[in-house]
Amino acid sequence: MRRLAAGLALLVVLLPVARGSIPAAADDPGVLYVTSTTDGPGTCPHPSNCTLKTAIAVVNSGSAATTIRFDAGVFPAGSETVIAVGSAPLPALTRPGAAVDGAGAGVVLRGGSASLSTPQDGLRLAGAGTSVRGLTFEGFTGACVVAEGDGAGVGGAAGNTFRGCGVAVRVSGAAVSVSGNEISGPAEGERAGTGVAVTASGSVIGGSGAAANRFTRLEHGVNVAGSAGGVTGTRIEGNEFDDIAEACLALEPGSSGTLVSSNSFRRCGTGISVAAANDLPASSRNTFRANTFAELPGPAIAVAAGANGGVGHPSISRATPAGIQGTACPGCVVEIYLAAHTPGGSGDYGTVPLGPPVAASASGQFSASLPVSPGQWIIATATDADGNTSAFGASARVGAGAVVCGNVHLLPGWNHVAYFGSQPLLLGDAFPSSANPAVTAIYEAIDGTSGYRRWLAATPAGRTLAALEPGREYWFLATTPVTLEGGFSVSFPVPAPLQAGWNDVVYIGGSADPRDAFASLGDRLLQVAKWDAARQRWLRYGDGRAPAWALELPHVEACSAYQVLMSEPATLVPLQP
C-alpha cells in the first residue's frame, strides 16, 4: 500500500496542468485567481471553484491577496466568458487599495435580473483606492460600477467596456478616476442610459491619450449633479462623445468649478448644458476650453439664465485675415472657434478652436491674429476671472478686408444698378454724353412710396431728377451696351436706412446668402427682389410673409442694387466686407 501511494503521488506530480487548475502565478500571495464562471459561493483559492463573489469576500477579509485576477484557462483572452450575476448582488470591494483586474482575460460581468423591480448594481468599489480594470460589464439596470470609495479607479491602462448599463459608472466617492473606458448601448442602433453620473467632488473623467473615455449610443453622457454640500473640482478631459440623445455633458444645480477641456462632442442633443438654480444654487465657475463640436442638432453650449455667473458672450465686430476684433467682458479670456454655419446663423456653434485664447482689455476690447480665410464664419466664448465660460455668441463672417465697387455695365433694356462715380454728376440732355447718348431714361425710387424721380432724354419738361449721387441706386433704360465708369473701395459695411414699404438699396458689404446678408433686418423683412437685366425679369426672395426664401438667387452680391419690402422702418447693416 505504501508503494502504491507513492506511485500515485508521483503520478500527480507528473500530470500536466489542466484547464481550471490554479495558474502558475497563483503562488503570488498578493493575487487571488477566479477559476469559476458561476455566481454562487465557492472556495478560494481553488483550481476550479473560486468564484468572484467568494474572491471579493476573501480579499475583504484581510487575506494576503489584494488583487483579484481571472484564470486565462477559464476566461481566455479574445473570447467573452460570462459571469451572470443573479438576484443576490456581488459584495462590495471594501478593502483599501484592493483591485479587480481583468486585463488579459475575456471576462463579461452580466446583470442577470433585469426583471427585478429594484435596479441592480454590478460591482461596488467601496474601499478607498479600490479599482477595476479590463472587464466588460453589461445589462445591470442600476449602475454597472459604483465608485463610492475615495480615490477609487475605474479603468486606467486597461480600460473597461460597458454595454447597456442603466448607468455605466456612478461616482459617489471623492477624487475618483474614470479613464480609458468604452461606454455604449447594448448593441448597434440601441441606446443605454447614462455614461458617468458624478455626485462627489474632485473626480477626473478621462485624460489625455489612452486615458480618454469613449461614450456612444447613450441617452446621457456625463452628468455632474450637485448636492447641499456642493460638488466641486470635477475635471472632464480628452473624452470622445458621439451619438448621445440628450446632453453629452450636463452640469446640474449645486455643482461648480468643473473644468471641461479637449473633449470631442459629436451628434449630441446638446454639447454642454449648464443648469439654472432650483432648490440648489445654479451651476457656476465651470470652464470650457479647447473642446471640439460637430453635427449638433441643438446648442453646443447651453447656459441657463443665472448660471455660470451670468457671464455674457463676446461680440465680434470685425474679422479679416489681417485680424479679428471685438468686445467681451473686461479682462475675460476669449476663445475663437471656426463656426459651423447655417444661413441666418441662428444655430451656429464653434467646431474647432482657431488658436490660443486671447485676453480682453480692462475696457473689454480684444484682438487676435488667427489663420482665417474670407467667406469663413467664426464665433467665440468668453471666460471671466472666476472661471465662468459663456455660451457661444453670434457668429461673424470673415471678410476680405475691403469691397471694391467698380465700373457698372449696362445692357440694352432696363438696368437696376448703382452709380459709382467719384462725385455727383449733373444730368444734361444726353447720357452718358452727347457723343454717346445710349441711355434714354433714368429713374430713382422714392423709398417707402410708389413714386419716382425721373430724367427723360426726349422730354426735358418732365425731368424731376437733376443729378446722380455716388453710391445711390437708379433705373437706367439703355439702347445699347454702355459702361458707367468710376468706383470706390470701403473697408466697413455701409448701413442703409429703410422705410416701411418698398425700398431701393445698394448692398455695400460682404457677398453672402440672402439670409446672412439681410439678417440685420430680422422678421421686418418681407421680400427682396433683384432685377435680371439680361432676361428683363425680377428674381425674388421671400414669399410675401417672410422670410421663407426662394431659390432663384441664392447669393447677394456686393455693390448690387436690390428692392426690399419692409413691414416697418429698420436699418440694413451689411456683412463685413
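Check the entry above for the structure.
Cut-off values and rules
- Residues numbered from 1 in each chain as written.
- Predicted model: local features only at pLDDT ≥ 70, side-chain atom pairs only at ≥ 80, totals over all residues.
- Heavy atoms only, no water.
- Helix = DSSP H or I, 4+ residues; strand = E, 2+ residues; numbered from the N terminus.
- Buried < 20%, exposed > 50% of the residue type's maximum accessible area, 1.4 Å probe, protein only.
- Contact = heavy atoms within 4.5 Å.
- Disulfide = S-S within 2.5 Å.
- Pairing = 2+ DSSP bridges.
- Axes fitted to C-alpha atoms, helices over the stretch in contact; angles between N-to-C directions.

Visitor: Please explain the side chain of Asn-291 as it appears in this structure.
Guide: With respect to the secondary-structure elements, Asn-291 resides in the loop between strand E24 (287-289) and strand E25 (292-294). When its relative accessible area of 0% is taken as the criterion, Asn-291 is described as buried. For Asn-291, the residues in contact, after removing those within four places along its chain, are Val-260, Ser-261, Ser-262, Asn-263, Phe-265, Tyr-337, Thr-351 and Pro-353.

Visitor: Explain the state of the cysteines here, please?
Guide: Where two cysteines share a covalent bond between their sulfur atoms, that bond is called a disulfide. In this structure the tally under the stated criterion is five disulfides. In this model, Cys-44 is linked to Cys-50 through a disulfide, with the two sulfur atoms separated by 2.0 Å. The sign of the S-S torsion, about 100°, decides the handedness of the disulfide formed by Cys-44 and Cys-50: right-handed. The same class applies to Cys-44 as to Cys-50, namely buried. Along the protein, the cysteines that take part in disulfide bonds pair up as 1-2, 3-4, 5-6, 7-8, 9-10, counted in sequence order.

Visitor: Before we go on, may I ask you to explain the sheet that holds strand E28 (residues 323-327) in this structure?
Guide: Strands pair in a sheet through their backbones, by hydrogen bonds, and they do so in one of two ways: parallel or antiparallel. Taking strand neighbours across the sheet as the criterion, the three strands line up as E27-E28-E32 in an open arrangement whose pairing is antiparallel. The open sheet has two free edges, formed respectively by strand E27 (315-320) and strand E32 (365-368), since each of these has just one partner strand. The mean inter-strand angle of the sheet, taken between neighbouring strand axes irrespective of direction, is 15°. The sheet contact formed by E27 and E28 spans five bridges and is antiparallel. Counterpart to Ala-319 in the pairing with E28 is Ile-324.

Interpretation in functional terms is not warranted from these geometric data alone.
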